[in-house]
Amino acid sequence: MSPNHPSSSPSSPQGGNNEQPSPPLASILSDGEQSFTHKYEAARQYIDSLAKPVGSLGTLEDWGARMAALQQTTAPTADGAACLIFAADHGVAKDKSDGGKNCSAYPQIVSRKVLEALDHGIAGASVLSKCNNVQLRVIDVGLADGPVNYEWSGNTVRLATKRIRGGTKNFCTSNALTTDEVQICIEVGRDETNKLMKEMGGTNVIMFGEVGIGNTTTASALIAALTHVNVATVCGSGASTTRDGINEEIVARKIDIIQEALNFHGSTSLSNNPLQALSAVGGAEICSMVGGILEASKHDVAILVDGFIVTTAAMIACMIDPMVCRVILFSTKSTEKGQMIAIRTITEIATANSIPVQTTPALDMGLRMGEASGCITSVPLLRSACAIISNLATLNDVMCLEMGK
């Protein structure tokens, strides 16, 4: 049985019930009247018929069915892969002498240095995107000014057409962003995503990444504000100076900083209010990723979601538009414990809207670098998932093989 044959065998009449064969998978996928959920379930049913134990390819089966439903074809691909990284600085990460809170183990200038490395093609995302044939673009949407006036090349790293000069404000003493700035950053994300997809002439999957010292603190604050969970259950070490990634002093400092911010803004007013939360404790690059995710979903393009910070942006996008849930593919489990709170929230939104959703990230490798490193690393897995639904024989095909022919 191939994808163009009926997705299940005709049933014998029993008790007068003349059940008809299911329509071919290709017909279901191409039918504009069918819901995403119906297409996804039909693809999963077909994958169950392949020459393997049912469910034995785990997440690859979910990804293959999701790609088939989104691309509306029995032969989905992930050849046109793009990665868009947004970079911005955070007021809460500034030195205390500059009105910040020193929330990170690294100084704020590191954000700019990472972008310089990306511009020269020698950063982590640069290396990983090259070896996995992923088109990479980086957008400065709000980095703080550096000690030297450095002009981005315009090739890999570009300035956003509109940006938050100097980054956000310290959210312990004011709103991180104005409501207008939130909208500006969301629109930058939408525009840059649309621009990159058009330039590539066909994008099957897009990835979003981030650069910004202090943005794990910001992501933790957003999750705590939006889900009303205890701050201590969200915070992790973020960018650490230790090999194991554990820094209890930094964690304790983050908990105190976020609790101070929520007390200042009034946490109850931010609960389930994504735009207001982005204004109060958000980041410019997180807002831009939210916009990019919304735009990709609008075009039915699958999104390989990176770790903690990108998962936070995905959660916010799902709160704004629940249909985003259908394009989400979680690539990597973060060492930040707040990620699972965000995934749980996305799962609840998807379930409430009858949308199937992946609940466990594909990789669990202790990845915590950021820069979309986890999702870029997962691209070969996604291509494997597409190959499975496109080319793997059905059990019936295999059983009908004649030896020697």
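Below, the structure is looked at part by part. (Residues numbered from 1 in each chain as written. Predicted model: local features only at pLDDT ≥ 70, side-chain atom pairs only at ≥ 80, totals over all residues. Heavy atoms only, no water.)

## Section: the pairing of strand β4 (residues 205–211)
Moving on, step 1. Burial analysis of β4 places seven of its seven residues in the buried class, the great majority of the element.
Moving on, step 2. Burial along β4 is two-sided: the residues Val-205, Met-207, Gly-209 and Val-211 and Ile-206, Phe-208 and Glu-210 are all buried. (Buried < 20%, exposed > 50% of the residue type's maximum accessible area, 1.4 Å probe, protein only. Helix = DSSP H or I, 4+ residues; strand = E, 2+ residues; numbered from the N terminus.)

## Some remarks on the sheet that holds strand β1 (residues 81–88)
Moving on, step 1. An order of β3-β2-β1-β4-β5-β6 is seen for the six strands of this open sheet, with the pairing classed as parallel. With partners counted over all chains shown, the strands left at the sheet margins are β3 (157–159) and β6 (328–330), one partner each. Sheet twist, expressed as the average angle between the axes of neighbouring strands with direction ignored, equals 25 degrees.
Moving on, step 2. Across three bridges, the pairing between strand β5 (residues 302–305) and β6 is parallel. Paired with Ile-303 across the two strands is Ile-328, which belongs to β6.
Moving on, step 3. Those strands touched by helix α6 (residues 179–200) are β1, β2 (135–142), β3 and β4, and its axis lies near 150 degrees from that of β1.
Moving on, step 4. Across the sheet, helix α12 (residues 308–320) is in contact with β4, β5 and β6; its angle to β4 comes to roughly 120 degrees. (Pairing = 2+ DSSP bridges. Axes fitted to C-alpha atoms, helices over the stretch in contact; angles between N-to-C directions. Contact = heavy atoms within 4.5 Å.)

## Here's the deal with the pattern of salt bridges
Moving on, step 1. For the structure shown, the criterion picks out 10 salt bridges.
Moving on, step 2. The closest approach of N and O atoms between Asp-140 and Arg-163, which form a salt bridge, is 3.1 Å. With Asp-140 in strand β2 and Arg-163 in the loop between β3 and α6, this pair connects stretches of sequence that are 23 residues apart.
Moving on, step 3. For Asp-140, a relative accessible area of 1% gives the class buried.
Moving on, step 4. In this structure, Arg-190 engages Glu-295 in a salt bridge whose closest nitrogen and oxygen atoms are separated by 2.8 Å. In this pair, Arg-190 sits in helix α6 while Glu-295 sits in helix α11 (residues 284–298), placing the two residues 105 residues apart along the sequence.
Moving on, step 5. When its relative accessible area of 21% is taken as the criterion, Arg-190 is described as partly exposed.
Moving on, step 6. Put simply, Arg-44, Lys-52 and Glu-61 are held in one network by salt bridges that share partners. (Salt bridge = Lys/Arg side-chain N within 4 Å of Asp/Glu carboxyl O.)

## Here's the deal with helix α8 (residues 248–265)
Moving on, step 1. Between its terminal C-alpha atoms α8 stretches 26 Å, which fits the 26 Å expected from 18 residues at 1.5 Å a residue.
Moving on, step 2. Buried within α8 we find Ile-250, Val-251, Lys-254, Ile-257, Ile-258, Ala-261, Leu-262 and His-265. In an axial view of α8, the angular spread of the buried residues amounts to 130 degrees, which keeps them on one side of the axis. Residues of α8 that are exposed and point over 90 degrees away from its buried face: Glu-248, Glu-249, Asp-256 and Asn-263.
Moving on, step 3. On its buried face, α8 sits against α7 (215–227), α9 (267–270) and α10 (274–281). (Expected span 1.5 Å × (residues − 1). Arc of directions from axis to C-beta.)

## Section: the nonpolar core
Moving on, step 1. Within the largest apolar cluster, 122 residues are counted, with the highest numbers of intra-cluster contacts made by Leu-115, Leu-118, Phe-171, Met-207, Phe-208 and Leu-304.
Moving on, step 2. No other element matches the nine residues that α12 contributes to this core.
Moving on, step 3. Once you skip the residues sitting within four places of it in the chain, Leu-304 turns out to touch Trp-63, Val-205, Ile-206, Met-207, Phe-208, Leu-329, Ser-331, Cys-375, Ser-378, Val-379 and Leu-382. (Core = buried A, V, L, I, M, F, W, Y, C linked by side-chain atoms within 4.5 Å.)

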